[in-house]
Amino acid sequence: MIKKVILVKIIETLKKMNRTLLEMQAGMLFFGIVCQAAGFFFVKEQGYYAAGLWFGIAFAFAASIHMYKTLDKALHYGADASKLVTRGYVFRYVVCAAALVLVALTEVMNPVVFFLGYMSLKVTAYLQPITHKLCNKLFHETDPVPEPLPEEPVLQEGDNIPAGR
């Protein structure tokens with residue numbers, strides 16, 4: 001009974017979250033699990049591999065939240081929106097590059113695997129149709145059926161054009 005209550009509260013919290021961000025992060029998590037499973041068979045230093053992978057995915061999570069907030073803020077900026085989006089992109093790029101350099105210099109984890117984890121941000125774009133369907137099943141939702149727009153009457157030669165067109 002307690003488990004069911006906790007599960008319901010988790011689902012309610014997830015429903016309040018931005019749906020696209022949720023689907024992106026679910027895709028990142030799935031990608032991380034697949035990469036971790038693949039690394040189990042091919043990598044000798046499991047801890048070194050796992051640290052780099054999950055640190056990269058954590059960075060991708062943070063980047064996705066920053067991207068969401070930047071785009072949300074840009075919707076209210078009007079003409080200056082492109083500058084705001086560009087600044088956000090450059091900020092994420094510089095922070096990722098600095099983290100990559102730091103990881104490479106300290107040798108605490110594998111920088112290539114860190115970058116693989118960060119690239120989960122890109123992979124989620126391809127996984128989005130799958131994560132969207134999974135979220136729809138989780139929330140017991142369906143996508144609306146698109147309706148065609150009403151057709152405008154075709155004007156014949158000699159017809160009067162209404163004012164305002």
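Small disclaimer: the values here were computed from a predicted structure and weren't measured.

Caption draft 1: Geometry of the packing of aromatic side chains. Per the stated rule, a full pass over the model turns up five aromatic pairs. Residues F40 and F41 carry aromatic rings whose centres are separated by 5.5 Å and whose planes lie at 80° to one another, so their mutual orientation is edge-to-face. Neither F40 nor F41 differs from the other in exposure class; each is exposed. Plain terms: the ring middles of F55 and F114 are 5.5 Å apart, the flat faces sit at 35° to each other, and that makes the pair tilted.

Caption draft 2: Looking closely at unusual backbone geometry. One non-glycine residue, E107, lies in the positive phi region at around 55°. Take E107: its relative accessible area is 59%, and that puts it in the exposed class.

Caption draft 3: View of the packing of helix 2 (residues 19–42) against helix 3 (residues 46–74). Put simply, helix 2 and helix 3 touch, their axes get as near as 10 Å, and they point 170° apart. Comparing the axis directions of helix 2 and helix 3 gives the class roughly antiparallel. Along its contact with helix 2, which presents L21, M24, Q25, M28, L29, G32, I33, C35, Q36, G39 and F40, the element helix 3 presents Q46, Y49, A50, L53, W54, I57, A60, F61, S64, I65 and Y68. Here the contact of helix 2 with helix 3 is built from residues that sort into 16 nonpolar, six polar and no charged.

Caption draft 4: Expanded view of a nonpolar patch on the surface. A contiguous nonpolar patch, built from Y89, V90, Y93 and V94 and spanning about 430 Å² of accessible area, is present on the exposed surface. With respect to the secondary-structure elements, V90 resides in helix 4 (residues 81–106). Accessibility expressed as a relative area gives 44% for V90, which makes it partly exposed.

Caption draft 5: Spatial organisation of helix 3. The end-to-end C-alpha distance of helix 3 is 41 Å, a good match for the 42 Å that 29 residues give at a rise of 1.5 Å each. Taken together, the buried positions of helix 3 are Y49, G52, L53, G56, I57, A60, A63, S64, T70 and A74. At its buried positions, helix 3 is contacted by helix 2, helix 4, helix 5 (111–118) and helix 6 (120–138).

Caption draft 6: Representation of the layout of surface pockets within the structure. Size it by volume and the largest pocket reaches roughly 220 Å³. Looking at the largest pocket, the residues that line it are M67, Y89, R92, Y93, C96, A97, L100, F115, Y118, M119, L121 and K122. Put simply, the parts of the chain that give the lining of the largest pocket at least two residues each are helix 4, helix 5 and helix 6. Broken down by element, the lining of the largest pocket gets its largest block of residues, six residues, from helix 4. Its residues assigned to classes, the lining of the largest pocket shows ten nonpolar, no polar and two charged. A volume near 150 Å³ is recorded for the second largest pocket. Those elements that place two or more of their residues in the lining of the second largest pocket are helix 2 and helix 6. Sorting elements by how many residues they give to the lining of the second largest pocket places helix 2 first, with six residues.

Caption draft 7: Just helix 4, in detail. Between its first and last C-alpha atoms helix 4 spans 37 Å; for 26 residues at 1.5 Å apiece the expected length is 38 Å, and the two agree. Among the residues of helix 4, A81, L84, G88, R92, C96, A99 and V103 are the ones counted as buried. Packing partners of the buried residues in helix 4 comprise helix 3 and helix 5. Of the residues trailing helix 4, E107 is marked for its positive phi of about 55°.

Cut-off values and rules
Residues numbered from 1 in each chain as written. Predicted model: local features only at pLDDT ≥ 70, side-chain atom pairs only at ≥ 80, totals over all residues. Heavy atoms only, no water. Phe/Tyr/Trp six-rings, centres within 6.5 Å; stacked < 30°, edge-to-face > 60°. Buried < 20%, exposed > 50% of the residue type's maximum accessible area, 1.4 Å probe, protein only. Axes fitted to C-alpha atoms, helices over the stretch in contact; angles between N-to-C directions. Helix = DSSP H or I, 4+ residues; strand = E, 2+ residues; numbered from the N terminus. Parallel < 35°, antiparallel > 145°, perpendicular 65-115°, else oblique. Contact = heavy atoms within 4.5 Å. Nonpolar A, V, L, I, M, F, W, Y, C, P; charged D, E, K, R; others polar. Patch = residues over 30% accessible without salt bridge, like charges linked within 9 Å, V, L, I, M, F, W, Y side chains within 5 Å. Areas by Shrake-Rupley, 256 points an atom, 1.4 Å probe, with all protein chains shown as cover. Salt bridge = Lys/Arg side-chain N within 4 Å of Asp/Glu carboxyl O. Expected span 1.5 Å × (residues − 1). 1 Å grid on protein atoms, 1.4 Å probe; cavity = no way out; pocket = protein on both sides within 12 Å on 5 of 7 lines; lining within 4 Å. Points joined across faces, edges and corners; volume = space filled by probe spheres on them.

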